[in-house]
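# Fold and geometry: a report
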Amino acid sequence: MRARTAFIGLLTAGVVGTAVWLVFYSPVLGVRNVEIVGNLTVPADRIEQQAAITALHPLATVDLASVESRVLGIRQLATVKAARVWPSTLEITVAEREPVAVLPVGGKAALVDKQGVVTEIRAIGPPDLPVLHMDRPSPTDPVTLAALKVVSTLPDTLSGKVKTVRASSAEGITFGLNDGRTVVWGGTDRGEDKAAVLLSLLSRKADLYDVSSPDVVTLK
C-alpha cells in the first residue's frame, strides 16, 4: 500500500513537473505569433521590433509590463496593452496619438497631439492642421494645453477653417481663419456654444468675431 501511494506520488509529481516545464521553460508553448491590433499609421513590424520578444520565448514568462513600456517608446502611440493568447500568441493592442496642430520648431513642423506630445517632425505640416503660435509651448504649459484642448474639440465644420491659433493666456485664445478673418475665442469653457454661434455668424461680413462670451458676441 505504501509502495502504491509512493508510486502515485511520484507519478503526480512527474506530471506536475512536466506541465511546469512545458508552460514555463519549454518552447512548446513559446511565442510563435505577435499580433498587433489598433495601429493605423505605425507599421506593425516596427511595433513588433520594439516589443523585442524572442521567438519561442515561453509565453507564460513574457513580462507584459516591460513589453508595454518598450512599445510606448514609439512616440506616435498613446496607449499599449499586451496580453497572452494561448497557446502561442502575444497580442499587442495600441492606440495612436492623433495630431491636432502644428508647432513650428527650427524651420520644421512638429505635429502635436491634444496633450502637447510631438508625434513626428516634418519639413512641412499638413495643410489641414492649424499652426500654433505660442510663447512657451510645452506639454506642461497651461496655455499650450488650453489651446490644444480648444483645437481638438472643434467640430469638423469649423476646424477646417482655422489656419492659426494664438494664445496669450489660457483665457486669451484667438484663431486666424483661412480667409484672413480673426476669431477671439477666449478660454476652454462653452466650446459647443461658441462654435455654434461662430458658424452662424461667419456668413456676416466682418474682420473680427468675438465669441469669448457666446451670449454677447461682437463683430468688427
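Okay, so let's go over this structure.

Scoring rules and cut-offs
Residues numbered from 1 in each chain as written. Predicted model: local features only at pLDDT ≥ 70, side-chain atom pairs only at ≥ 80, totals over all residues. Heavy atoms only, no water. Pairing = 2+ DSSP bridges. Helix = DSSP H or I, 4+ residues; strand = E, 2+ residues; numbered from the N terminus. Axes fitted to C-alpha atoms, helices over the stretch in contact; angles between N-to-C directions. Contact = heavy atoms within 4.5 Å. Buried < 20%, exposed > 50% of the residue type's maximum accessible area, 1.4 Å probe, protein only. Parallel < 35°, antiparallel > 145°, perpendicular 65-115°, else oblique. Left-handed = near helix turned anticlockwise from the far one by under 90°. Nonpolar A, V, L, I, M, F, W, Y, C, P; charged D, E, K, R; others polar. Salt bridge = Lys/Arg side-chain N within 4 Å of Asp/Glu carboxyl O.

Quick look at the sheet that holds strand β3 (residues 89-96) now. Strand order in the open sheet formed by three strands is β1-β3-β2, with mixed pairing between adjacent strands. The sheet terminates laterally at β1 (33-37) and β2 (77-85), the two strands that pair on one side only. Put simply, the sheet's adjacent strands are angled 20° from each other on average, direction ignored. Along the sheet face, helix α2 (residues 44-51) touches β1, β2 and β3 and points at about 125° away from the line of β1. Here helix α3 (residues 64-71) sits on the sheet in contact with β2 and β3, set at roughly 150° to β2.

Looking at where Gly125 falls in the secondary structure, it is placed in the loop between β6 (118-122) and β7 (131-133). Here Gly125 falls in the partly exposed class, since its relative accessible area comes to 23%. For the pair formed by Gly125 and Val102, sequence separation is 23 residues and the distance between their alpha carbons is 6.2 Å. For Gly125, the contacting residues outside a window of four places in its chain are Val102 and Ala109.

The next subject is the packing of α2 against α3. Following both chains from N to C, one finds α2 and α3 inclined at 130°, their axes separated by 8 Å at the closest point. Taken as axis vectors, α2 and α3 run oblique relative to one another. Where α2 crosses over α3, the two elements pack in a sense that is right-handed. Judged by residue contacts, Ile47, Gln50 and Ala51 of α2 engage Val67, Arg70 and Val71 from α3. Broken down by class, the residue content of the contact of α2 with α3 amounts to four nonpolar, one polar and one charged.

Here the structure, examined in full by the defined rule, presents six salt bridges. In this structure, Asp113 engages Arg97 in a salt bridge whose closest nitrogen and oxygen atoms are separated by 2.7 Å. Of the two residues, Asp113 sits in the loop between β5 (108-112) and β6 while Arg97 sits in the loop between β3 and β4 (101-105), which places them 16 residues apart along the sequence. Of the residues examined, Asp113 reaches a relative accessible area of 4% and is grouped as buried. Salt-bridge contacts for Glu120 lead to Arg122; the nearest nitrogen and oxygen are separated by 3.3 Å. According to the relative accessible area criterion, Glu120 is partly exposed, its value standing at 27%. Classification of Arg122 as partly exposed rests on a relative accessible area of 34%. Each of Arg190, Asp193 and Asp215 takes part in salt bridges that share partners, so that together they form one network.

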